[in-house]
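# A structural walkthrough
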Amino acid sequence: MSALGGGAAALGGFAFGSGASALAAPAPNPLKGNLLFKDQSFNFEALFAMGGVASGAGEVGEIIATVNAINAQGLSYQTYFDNFIATAKRVGRIADESLKGGHRFSARQAYLRSAQYYDQALFFVLGTSTPAQERHVYAAMQRQFNRAAQLFDPPFEPLRIPYAGSYLPAYFMRPPGARGKRPTVIINNGSDAENIDVYAFGGAAAIERGYNALIFEGPGQGSTLFEREIPFRPDWEKVITPIVDYLHTRSDVDTKRIAMTGWSFTGELVIRAAAFEKRIAAICADPGSVDTWLAYPESLRRLFDNGATQAQVNEIWTHDIRPHLNQAEQFLFKKRAEVFAPQFLRTARAGKVLTDFWTFGQLASQYSNQSVIGKVTTPILVTNYQLEQFYPGQAIRLYRALRSPKKIVTFTIAEGSEYHDGPMAPQRRNQVVFDWFDDTLGL
């Protein structure tokens, strides 16, 4: 859910001194005004569950009751995971009973909420005593979301879009009563949110406004990562072009009015895609960014200065850094690394921190659109957030570099839409994005 993923709010606080072997204390907590948990990573992640309430993907009372239980037991990865799993199962039973009784709308609502709570547990599973359960928790979350998806009117259409000799799992969502060709928005997930999040932070708003919406699990996302071990790729146009090709085969898509959003990590990737895929009429980079590697602490990036070799980087990592990581830092490296390579995913599921930091750095530093921004001709909406934890300043940097028609909007503390991805204000965020799509597409 964040630029690098959801709750990694402490990542930017890493600091290494010259030759120091320990990590400095995290930066002051920017989330103290909206406190569910004292730890900023847990707090930030839980705010997304609160934001999901606006689209039915959560219930304030259920979330607060779960938060209270976690705090009463003592906040940890394990208590967060266990309590959200328990809530997900309980709400799932409500859904099953409603469906059994023929109450389809009630069942749909409860399945959405159950999926949200499994999603909350999934984010932190790598920090628990059972990290190898990651795939199974994902499957439980996705099962609940799929059950909800089939209870919409019309039902969400599950797809397998041809891609690189394989497929991308996706859903095509249509507004109720829609006939003929409709404007359609491709909604890109970030690096660790799931279908339930993309529905809550874009999909629901699209179909409410009369758009078709396509949500998908690309490389490094959802089942493509957790079940097939296919990692992210920096040349995101190779992902988007097959999706646009598919939309052009549908009789219910207005191919002149295809829009796209890139949420979180893919705020950088959709700009890269736009440099090469020219059939998209409007794009929102949410938030705007130019270089993912810059979101990592400078002290880590400096390890690669002056052409440092794999052996040199890994020796410093192995002897001076890795042994001194605390529990939170270990979790962050597991979570951040798993999306970039199968070996990192397997290491994380084994409860271990990667040993080959040089390869991690080589992979993560490929995610930059700086060299291709000048090729973008599509109208772009760049979003920016006050108290952005991961890409501070990058939205403005992207906006200034763009040469296509462009607009930038900053979400503020005063309107309650601060922090990366605006977790507490999806309605405000969606209003801005879709109003701009309406205007840009001539609707």
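Look up: the structure comes first, before these words.
Residues numbered from 1 in each chain as written. Predicted model: local features only at pLDDT ≥ 70, side-chain atom pairs only at ≥ 80, totals over all residues. Heavy atoms only, no water.

### Let's talk about the overall build of the protein chain
The helix and strand tally for the protein chain stands at 16 helices and eight strands. For 443 residues, the compact-globule estimate of 2.2 N^0.38 gives 22 Å, and the protein chain sits close to it at 21 Å. In terms of its C-alpha atoms, the protein chain occupies a principal-axis envelope of roughly 65 × 50 × 45 Å. A total of 443 residues make up the protein chain; the buried ones form 59% of that total. Counted over contacts in the protein chain with a minimum sequence separation of 6, partners at least 24 positions apart contribute 74%. (Helix = DSSP H or I, 4+ residues; strand = E, 2+ residues; numbered from the N terminus. Rg over C-alpha atoms; globule rule 2.2 N^0.38 Å. Buried < 20%, exposed > 50% of the residue type's maximum accessible area, 1.4 Å probe, protein only. Contact = heavy atoms within 4.5 Å.)

### Quick notes on the side chain of His-420
Considering the arrangement of structural elements, one finds His-420 in the loop between β8 (406-411) and α16 (426-441). The class for His-420 is buried, based on a relative accessible area of 0%. A distance of 2.8 Å separates a polar atom in the side chain of His-420 from a polar atom in the side chain of Glu-388. (Polar contact = N/O pair within 3.5 Å; in protein donor to acceptor, adjacent residues only side chain to side chain.)

### Some remarks on the environment of Asp-435
Structurally, Asp-435 is set in helix α16. Overall, Asp-435 belongs to the partly exposed group, its relative accessible area being 33%. Along the primary structure Asp-435 and Pro-423 are separated by 12 residues, whereas in three dimensions their C-alpha atoms are 19 Å apart.

### What about the layout of surface pockets?
Regions of empty space are outlined by a rolling probe, equal in size to a water molecule, passed over the atoms. The calculated volume of the largest pocket comes to roughly 290 Å³. Forming the boundary of the largest pocket are 16 residues, of which Gln-142, Pro-169, Tyr-171, Glu-217 and Ser-223 lie nearest the centre. Every element with two or more residues in the lining of the largest pocket is listed here: α5 (134-149), β1 (157-163) and β2 (166-173). Classifying every residue of the lining of the largest pocket gives eight nonpolar, four polar and four charged. (1 Å grid on protein atoms, 1.4 Å probe; cavity = no way out; pocket = protein on both sides within 12 Å on 5 of 7 lines; lining within 4 Å. Points joined across faces, edges and corners; volume = space filled by probe spheres on them. Nonpolar A, V, L, I, M, F, W, Y, C, P; charged D, E, K, R; others polar.)

### Here we look at the pairing of β2
Consecutive side chains of a regular strand alternate in pointing toward one face of the sheet and then the other. Among the eight residues that make up β2, six are buried, leaving the element largely enclosed by the rest of the structure. Bridge analysis of β1 against β2 gives seven bridges, and the strand direction is antiparallel. Along β2, the bridge assignment pairs Leu-159 with Ala-170. Bridge analysis of β2 against strand β4 (residues 212-216) gives four bridges, and the strand direction is antiparallel. If you follow Phe-172 over to β4, its bridge partner there is Leu-214. (Pairing = 2+ DSSP bridges.)

### Regarding helix α11 (residues 310-321)
Between its first and last C-alpha, α11 extends 15 Å over 12 residues, near the 16 Å set by a 1.5 Å rise per residue. In this fold, the buried residues of α11 make contact with α10 (298-301), α12 (327-337) and α14 (357-364). (Expected span 1.5 Å × (residues − 1).)

### Points about the packing of aromatic side chains
All told, the structure shown has 43 aromatic pairs when counted by the stated rule. Between Phe-123 and Phe-124 the ring centres are 4.8 Å apart and the planes differ by 80 degrees, which places this aromatic pair in the edge-to-face class. Accessibility classification places Phe-123 together with Phe-124 in one group, the buried group. In this structure, Arg-250 is placed above the aromatic ring of Phe-172, and the distance from its NZ or CZ to the ring centre is 3.7 Å. The residue whose ring lies beneath Lys-406 is Tyr-399, and the NZ or CZ to ring-centre distance is 4.6 Å. (Phe/Tyr/Trp six-rings, centres within 6.5 Å; stacked < 30°, edge-to-face > 60°. Lys NZ or Arg CZ within 6 Å of the ring centre and 35° of its normal.)

### Let's talk about the pattern of salt bridges
For the structure shown, the criterion picks out 15 salt bridges. Note that Arg-257 and Asp-254 form a salt bridge whose closest N and O atoms lie 3.0 Å from each other. The exposure class of Arg-257 is partly exposed, given its relative accessible area of 27%. With relative accessibility at 14%, the residue Asp-254 sits in the buried group. Between Glu-298 and Arg-302 there is a salt bridge whose closest N-O contact spans 3.9 Å. According to the relative accessible area criterion, Glu-298 is partly exposed, its value standing at 48%. With a relative accessible area of 39%, Arg-302 lands in the partly exposed category. Through salt bridges that share partners, Glu-157, Arg-250 and Asp-252 make up one connected network. (Salt bridge = Lys/Arg side-chain N within 4 Å of Asp/Glu carboxyl O.)

### A few points about the environment of Ala-281
Tracing the chain through its elements places Ala-281 in the loop between α9 (266-274) and β6 (282-286). As a C-alpha pair, Ala-281 and Ala-350 span 69 residues in sequence and 44 Å in three-dimensional space. Those residues in contact with Ala-281, other than ones at most four positions away along the chain, are Lys-256, Arg-257, Ile-258, Thr-378, Pro-379, Thr-440 and Leu-441.

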